[in-house]
Amino acid sequence: MDSLTAFAAVGFAAVSWDSHFTKAGTRAFRHALDYREPFCRMADDEMIALLDELLELRRAVGAHQMMLQAAQCLTKPQCMTAYAMASELMRSDGPFEAEERRFLDHLAVTLEVSTFEARRIDTVFEIFHASLTLSSAIEMNPVVV
């Protein structure tokens, strides 16, 4: 597995960890690739071939083994970026559920991302995807008198 396929495999595992492909998760995965070099320059047939390869690998070995194989092919900076992508993908359809949190914790260990760094990354996406209701806006930006 090359590093590009490995990077995409981490994201694919994140959106399919529970064997369900949610609309929000798959859309977020595709956007995560569409706006990132070099995926954004891939021709449609290349992207389809990559997604077919990932789906076949997922079917053959499962999300966990897919993550393990991918982690072995990534550099430390790529692992950090792959974890950040997975965190955002899993947060894209709502707050982290307990099982999603466990998956991300396991992914961080697999990718050798420290607990501190993983939590820091997750916090960014908690803020990014926070509710925009009046009460949460006040909590995030309290008025000081």
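In this report, we go over the structure that sits alongside the text. Numbers given to residues run from 1 along each chain, matching the order in which its sequence is written. Only residues with pLDDT of at least 70 are given local features in this predicted model, and only at 80 or more are side-chain atom pairs given and counted; all residues enter the totals for whole chains, interfaces and linings. Only hydrogens and water are removed before side-chain values are computed, so all heavy atoms of the structure are retained for them.

Quick look at helix α2 (residues 23–34) now. Side chains of residues three or four places apart in an α-helix project in the same direction, reflecting 3.6 residues per turn. The end-to-end C-alpha distance of α2, which contains 12 residues, comes to 16 Å, matching closely the 16 Å that a straight helix rising 1.5 Å per residue would cover. A 1.4 Å probe rolled over the protein chains alone gives each residue an accessible area, and that area as a share of the maximum for its type sets the label: buried under 20%, exposed over 50%, partly exposed in between. Numbered from the N terminus, helices here are DSSP runs of H or I no shorter than four residues, and strands are runs of E no shorter than two. When α2 is considered as a whole, its buried residues turn out to be G25, F29, A32 and L33. Taken end-on, α2 shows its buried residues confined to a sector of 95 degrees, consistent with a single buried face. Buried-residue contacts for α2 involve α1 (3–16), α3 (44–71) and α4 (76–91). By definition here, a helix of n residues has an expected span of 1.5 Å times n minus one. Taken from the helix axis, the directions to the C-beta atoms give the arc we talk about. The contact definition used throughout considers only heavy atoms, calling two residues in contact when any of these lie within 4.5 Å.

With that settled, consider the packing of aromatic side chains. Here the aromatic set is Phe, Tyr and Trp, taking the six-membered ring for Trp, and pairing holds for ring centres within 6.5 Å; pairs whose planes are under 30 degrees apart are stacked, those over 60 apart are edge-to-face, and all others are tilted. With the rule as written, the count across this model stands at 3 aromatic pairs. Ring geometry for F7 and F39: centres 6.2 Å apart, planes at 25 degrees, overall stacked. Of this pair, F7 sits in helix α1 while F39 sits in the loop between α2 and α3, and the two are 32 residues apart along the sequence. Among the residues examined, F7 registers a relative accessible area of 6% and is labelled buried. Relative accessible area serves as the criterion here: at 2%, F39 is assigned to the buried category. Geometrically, the ring pair formed by F12 and F29 is edge-to-face, given 5.9 Å between the ring centres and 70 degrees between the ring planes. Here F12 is found in helix α1, whereas its partner F29 is found in helix α2, with 17 residues between them in sequence.

Right, let's get into the packing of α4 against helix α5 (residues 98–110). Axis definition: a line fitted to C-alpha atoms, over the contacting stretch in the case of helices. Angles run 0 to 180 degrees between N-to-C directions. Where α4 contacts α5, the axes come no closer than 11 Å and their chain directions differ by 175 degrees. Judged on the interaxial angle alone, α5 and α4 are roughly antiparallel. In contact with Y83, A86, S87 and M90 of α4, α5 contributes E100, R101, F103, L104, L107 and A108. Of the residues contributing to the contact of α4 with α5, the split by class is 7 nonpolar, 1 polar and 2 charged. Orientation labels follow simple angle bins: below 35 degrees gives roughly parallel, above 145 gives roughly antiparallel, 65 to 115 gives roughly perpendicular, and whatever is left gives oblique. Only Asp, Glu, Lys and Arg are considered charged, only Ala, Val, Leu, Ile, Met, Phe, Trp, Tyr, Cys and Pro nonpolar, and every remaining residue, Gly among them, polar.

The subject of this paragraph is the pattern of salt bridges. When a carboxyl oxygen of Asp or Glu is within 4 Å of a side-chain nitrogen of Lys or Arg, the pair counts as a salt bridge. All chains considered together, the criterion is met by 8 salt bridges. Among the salt bridges present, the one from D105 reaches R101, with a minimum N-O distance of 3.0 Å. With a gap of 4 residues between them, D105 and R101 both fall in helix α5, about one helical turn apart. For R101, a relative accessible area of 19% corresponds to the buried category. Between D105 and R119 there is a salt bridge, with the nearest N and O atoms lying 3.0 Å from each other. Taken as a pair, D105 in helix α5 and R119 in helix α6 (residues 115–128) lie far apart in primary sequence, 14 residues in all. We classify R119 as partly exposed; its relative accessible area is 36%.

That's the geometry; what it means functionally is another story.
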